[in-house]
2 protein chains.
Amino acid sequence: MGAQGRAVQVSTTNLAEKLGVAQQTISRHLIKLERLGLIERHLTARGELVKLTDSGTEELRSVHLGLRSILEAGVPTVISIEGEVFTGLGEGAYYISQKGYREQIIGKLGFDPYLGTLNLKLKSNLDLQARKELDAYPAIELRGFKTGLRTFGPVKCYKALINDKAEGAVVTALRSHYSTSVLEVIAPTDLRDLFKLKDGDKVCVKVFIPSSQQSSA
Amino acid sequence: MGAQGRAVQVSTTNLAEKLGVAQQTISRHLIKLERLGLIERHLTARGELVKLTDSGTEELRSVHLGLRSILEAGVPTVISIEGEVFTGLGEGAYYISQKGYREQIIGKLGFDPYLGTLNLKLKSNLDLQARKELDAYPAIELRGFKTGLRTFGPVKCYKALINDKAEGAVVTALRSHYSTSVLEVIAPTDLRDLFKLKDGDKVCVKVFIPSSQQSSA
DNA sequence: ATTACTATATATCGAGTAG
DNA sequence: TCTACTCGATATATAGTAA
């Protein structure tokens, strides 16, 4: 009702009718909003003057921006995750060398991968959380396949920028649950060599979420 | 998480952690959202595929647009109210003829008012509700003043368009409570004459809500 | 692993009412 | 009139657990 920037004269009865709830409910809500620092109130004889605080406006704005990014732009485009280099079991190279994966990587990610993965151990809670979120977002998916020897499951990938410099991708096996605290990164070149990395070094990965259109089912 | 248009693989546990509530709560909410027709669900062994329906997206969009109109444009700009002409006690002319009001009207509304008010009786619930809303929105305010004889209270005004043709203003005494079912309209000319109005005729008034900037405190 | 039931705990709502 | 308290009713959340 125009209460961002100016105080607006309202009464709890008034608002209650408009919103279809009881007067007491509005009273309680206004008190709560005031305690949360989202509105300022000034009681008068004929009701009260209510005004959004900067913090209140900010709260609305963040909901608005959140919705806009969903409705207009699609999905948040990039998630930053930081982790520490560690040496894995060398399995990465084995998987990537499989023709069934390699050809899909070339086709869907646009580069011929170096035969090895950079393993990053996620330490902070923020990074672990970001890693979990990733699972829910749409991904570029590599189909599973069979060789004479065994079956290889489907893999989810996200294009990524490593240390704000090198292009590559994050890969996550749909199956394994080793995944939750680890980020596996592939790239056209040997990232360990490129950045002179040794175990324990920190690496920042910007993961790109594909928009609904370009991602494959 | 990109579930507008595509189904997204989630689990209730997964979402519950992310939102900081119990798994059961998510389960209940997803069921409810499905019943409300806002999402589609497809249960699988590893969780469920969730997708916003058109109706769900529409719901989000309406919240988004609501917030946008507040955060970007300010306040809804115009409210339409319809009422029936009736003959008042002629008090309107008395008030408007007061120099203290008249000069402020010229200054703040931009016209020299005809010495009389057009009284509209609001009939429908919609119009009565719109009238009430008006009280809460920011207005152009005429200061109260004293003459040798008596005191005149402050008055709230809104610029208005009458029958989509004549410019004028809606005035509401801050004091009186006669106001809730009546709209008092002033204009530079005699509206009764201009529109050949007689008692009982319907008149449509588009009331303009001033943006926070231009309105005076 | 999942989802989702039932039962109990917690939070919210609204009637009555005081100030 | 107004705001906002108390308190019983209602709704929502979580624990435990089945499928």
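Everything here concerns the structure above.
A brief report on the enclosed structure follows.

Thresholds applied
Residues numbered from 1 in each chain as written. Chains lettered and ligands numbered in written order. Predicted model: local features only at pLDDT ≥ 70, side-chain atom pairs only at ≥ 80, totals over all residues. Heavy atoms only, no water. Near = heavy atom within 4 Å. Polar contact = N/O pair within 3.5 Å; in protein donor to acceptor, adjacent residues only side chain to side chain. Helix = DSSP H or I, 4+ residues; strand = E, 2+ residues; numbered from the N terminus. Nonpolar A, V, L, I, M, F, W, Y, C, P; charged D, E, K, R; others polar. Buried < 20%, exposed > 50% of the residue type's maximum accessible area, 1.4 Å probe, protein only. Pairing = 2+ DSSP bridges. Axes fitted to C-alpha atoms, helices over the stretch in contact; angles between N-to-C directions. Contact = heavy atoms within 4.5 Å.

Let us look at the protein's contact with DNA strand C. Contacts to DNA strand C come from 19 residues, most closely from Gln24, Thr25 and Arg28 of chain A together with Thr12 and Gln23 of chain B. The side chain of Arg28 of chain A places a nitrogen or oxygen atom 3.0 Å from a phosphate oxygen of DNA strand C. At a separation of 2.3 Å, a phosphate oxygen of DNA strand C approaches a polar side-chain atom of Thr12 of chain B. Among the elements of the structure, helix H2 (23-35) of chain A together with helix H1 (12-19), helix H2 (23-35), strand S2 (39-44) and strand S3 (47-52) of chain B are those that each provide at least two residues to the surface near DNA strand C. Per element, the largest residue contribution to the surface near DNA strand C is 5 residues, and it comes from H2 of chain A. Of the residues belonging to the surface near DNA strand C, the class tally is 5 nonpolar, 10 polar and 4 charged.

Looking now at unusual backbone geometry. Residues and elements named next belong to chain A. Of note in the backbone geometry, Asn163 takes a positive phi value of approximately 50° without being a glycine. If you trace the backbone, Asn163 turns up in the loop between strand S9 (155-162) and strand S10 (166-173). With phi around 60°, Asp164 is a residue other than glycine that occupies positive phi space.

Turning next to the pairing of strand S11 (residues 182-186) of chain B. All names here are of chain B. S11 sits mainly inside the fold: 4 of its 5 residues count as buried. Relative to S11, strand S5 (residues 118-121) is paired through 4 bridges, and the arrangement is antiparallel. Bridging from a neighbouring strand, Leu120 pairs with Leu183 of S11. Examined bridge by bridge, strand S10 (residues 166-173) and S11 share 3 bridges and lie antiparallel to one another. Note that in S11 the partner of Ala169 across the bridge is Ile186.

This next bit is on the sheet that holds S3 of chain B. Residues and elements named next belong to chain B. One open sheet accounts for 3 strands, arranged S1-S3-S2; its pairing is antiparallel. One side of each edge strand has no neighbouring strand; the edge strands of this open sheet are strand S1 (8-10) and S2. Taking each pair of neighbouring strands and ignoring which way they run, the sheet shows an average axis angle of 30°. Note that S2 and S3 share 6 bridges and pair antiparallel. Counted as the bridge partner of Thr44 is Gly47 from S3. The strands touched by H2 are S2 and S3; relative to S2, the strand with the most contacts, the crossing angle is about 130°.

Take it as geometry only, folks, not as evidence of what the structure does.
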